[in-house]
Amino acid sequence: QVQLVESGGGLVQTGGSLRLSCAASGRTLSTNAMGWFRQAPGKEREFVGAVSWNGLATRYADSVKGRFTISRDNGKNTGYLQMNSLKPEDTGVYYCAAMPNSYTSYVNYWGQGTQVTVSS
């Protein structure tokens, strides 16, 4: 069974930055696209962005374009979500996911999630 573990969440003020990490067991991130999702309190889980297996193609939700950057280091089996200019509406639990490609909504494996709270 593949395991994904997120870290780097926390409390940050509006306009601040956080970088989330997603460590994968085995070679998951070298063979699968990596996606990020988030779920705000009382809301449905939503897509944030994804990066292809080779790191050359990225896709982002309109709500985070220009503020968030997804990258990966396959040698470390680790993916990253750099979040800048954070807003209160970015608050939620963030999940990384292993996906077949960066253009699908299907998720093969989920991480456990990490809490991000943006204060106003």
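Counting restarts for each chain: residues are numbered from 1 in the order of the written sequence. The model is predicted, so local features are restricted to residues of pLDDT at least 70 and side-chain atom pairs to those at 80 or more, both for listing and for counting; the totals for chains, interfaces and linings are taken over all residues. To get the side-chain values, all heavy atoms of the structure are used, and hydrogens and water are removed first.

Asker: What is the right way to look at the sheet that holds strand β8 (residues 78-83) in this model?
Answerer: Strand pairing in a sheet relies on backbone hydrogen bonds. The paired strands run either parallel or antiparallel. In short, DSSP must find at least two bridges between two strands for them to pair. Numbering goes from the N terminus for both helices and strands, where a helix is a DSSP run of H or I of at least four residues and a strand is a run of E of at least two. One open sheet accounts for four strands, arranged β1-β3-β8-β7; its pairing is antiparallel. What marks the edges here is a single partner per strand, and that holds for β1 (4-7) and β7 (68-73). Mean inter-strand twist for the sheet, computed between neighbouring axes without regard to direction, equals 15 degrees. Alignment of β1 against strand β3 (residues 18-24), held across four bridges, turns out to be antiparallel. Paired with Leu4 across the two strands is Ala24, which belongs to β3. Here the axes come from fitting lines to C-alpha atoms, over the contacting stretch only for helices, and the angles between their N-to-C directions go from 0 to 180 degrees.

Asker: Which parts of the structure should I look at to understand the side chain of Arg67?
Answerer: Summarising the element assignment, Arg67 is placed in the loop between β6 (58-60) and β7. When a residue's accessible area, from a 1.4 Å probe over protein chains only, is under 20% of the maximum for its type it is buried; when over 50% it is exposed; and in between it is partly exposed. With relative accessibility at 10%, the residue Arg67 sits in the buried group. Contacts are assigned to residue pairs with any non-hydrogen atoms lying within 4.5 Å of each other. The contacts of Arg67, once residues within four sequence positions are left out, are Gln82, Met83, Asn84, Ser85, Leu86, Lys87 and Asp90.

Asker: Any chance you could explain the pattern of salt bridges here in plain terms?
Answerer: By definition here, a salt bridge exists when the distance from a side-chain nitrogen of Lys or Arg to a carboxyl oxygen of Asp or Glu is within 4 Å. This model, assessed by the stated rule, comprises four salt bridges. Its salt-bridge partner being Arg38, residue Asp90 comes within 2.8 Å of it at the nearest N-O pair. Here Arg38 lies in strand β4 (residues 33-39) and Asp90 lies in the loop between β8 and β9 (92-99), a separation of 52 residues in the sequence. Residue classification places Arg38 among the buried residues on the basis of a relative accessible area of 6%. Residue Arg67 is joined to Asp90 by a salt bridge in which the shortest nitrogen-to-oxygen separation is 2.7 Å. Here Asp90 lies in the loop between β8 and β9 and Arg67 lies in the loop between β6 and β7, a separation of 23 residues in the sequence. This pair shows no difference in class: Arg67 is buried, exactly as Asp90 is. Among the ionic contacts, a cluster of salt bridges with common partners joins Arg38, Glu46, Arg67 and Asp90.

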